[in-house]
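The chain contents come next:
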Amino acid sequence: MTTKIFVDGAFYNKDDAKISVYDHGLLYGDGIYEGLRCYSGHVFQMKEHLNLLQEV
């Protein structure tokens, strides 16, 4: 399986995914990351994840 990375609306192979050193998120660390686990096609604790994102 090939790992794909989503950057600015497009998927890239992990070796081709690059961002500018002047990217605001890279320079200032702003952004949100939330990992989701799926089991049998269903997101685990989806309600809790959405509540966390709304609190940010």
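Keep in mind it's a predicted model, so treat the numbers as computed, not measured. Position labels on residues start from 1 in each chain and follow its written sequence. Owing to the predicted nature of the model, reporting of local features is limited to residues with pLDDT of at least 70; listing and counting of side-chain atom pairs is limited to 80 or more, with chain, interface and lining totals taken over all residues. Side-chain metrics in this entry use all non-hydrogen atoms of the structure; hydrogen atoms and water are not considered.

Draft legend 1. Region of interest: the overall build of the protein chain. A count of helical and extended segments in the protein chain gives two helices and four strands. Ordered by position in the sequence, the α and β elements of the protein chain form the string β-β-α-β-β-α. For 56 residues, the compact-globule estimate of 2.2 N^0.38 gives 10 Å, and the C-alpha radius of gyration of the protein chain, at 15 Å, exceeds that figure by more than 25%. The principal-axis extents of the C-alpha atoms in the protein chain amount to approximately 35 × 35 × 15 Å. For the protein chain, with 56 residues in total, the buried portion stands at 4%. Averaged over its 5 positive side-chain charges, the protein chain has a centre that lies 9 Å from the centre of its 8 negative ones. The numbering of helices and of strands both runs from the N terminus, where a helix is a DSSP run of H or I of at least 4 residues and a strand a run of E of at least 2. With the radius of gyration taken over C-alpha atoms, the globule rule is written as 2.2 Å times the number of residues to the power 0.38. Classification of residues uses two cut-offs on accessible area relative to the type maximum, computed with a 1.4 Å probe and protein chains only: under 20% is buried, over 50% is exposed, and between them is partly exposed. Positive charges come from Lys and Arg, negative ones from Asp and Glu, while His and the chain ends are left out of the count. For charged residues, the charge sits on one atom: NZ in Lys, CZ in Arg, CG in Asp, CD in Glu.

Draft legend 2. Seen up close, unusual backbone geometry. Of note in this structure, Ser40 is not a glycine but carries a positive phi near 50°. One non-glycine residue with positive phi stands out, namely Gln45, at about 55°. Secondary-structure assignment places Gln45 in the loop between β4 (42-43) and α2 (46-55). The partly exposed category is assigned to Gln45, whose relative accessible area is 40%.

Draft legend 3. Up close: the packing of aromatic side chains. Here a Phe, Tyr or Trp ring, Trp counted by its six-membered ring, pairs with any other such ring whose centre lies within 6.5 Å, and the pair is stacked when the planes are under 30 degrees apart, edge-to-face when over 60, and tilted otherwise. Under the definition given, this model contains two aromatic pairs. Between Tyr39 and Phe44, the ring centres sit 5.7 Å apart and the planes meet at 90°, which makes this aromatic pair edge-to-face. The partly exposed category is assigned to Tyr39, whose relative accessible area is 46%.

Draft legend 4. Structural detail: the side chain of His49. Inspection of the secondary structure puts His49 in helix α2. Taking the relative accessible area as the measure of exposure, His49 reaches 14% and is therefore buried. In protein, a polar contact means a hydrogen-donor-capable atom and an acceptor-capable atom, both N or O and within 3.5 Å, with residues adjacent in sequence counting only if both atoms are side-chain atoms; elsewhere, any N or O pair within 3.5 Å suffices. At 3.5 Å, the side chain of His49 forms a polar contact with the backbone oxygen of Phe44.

Draft legend 5. Structural view of a nonpolar patch on the surface. What makes a patch is a set of residues exposed beyond 30% relative accessible area and free of salt bridges, joined within 9 Å when like-charged and within 5 Å when nonpolar (Val, Leu, Ile, Met, Phe, Trp, Tyr). Using a 1.4 Å probe, accessible areas were evaluated by the Shrake-Rupley method; residue-level cover was limited to the displayed protein chains. Definition used for salt bridges: Asp or Glu carboxyl oxygen within 4 Å of a side-chain nitrogen of Lys or Arg. The grouping of Ile19, Val21, Tyr22, Leu26, Leu27 and Tyr28 at the surface amounts to a nonpolar patch, some 730 Å² of accessible area in total. Inspection of the secondary structure puts Tyr22 in the loop between β2 (10-13) and α1 (24-28).

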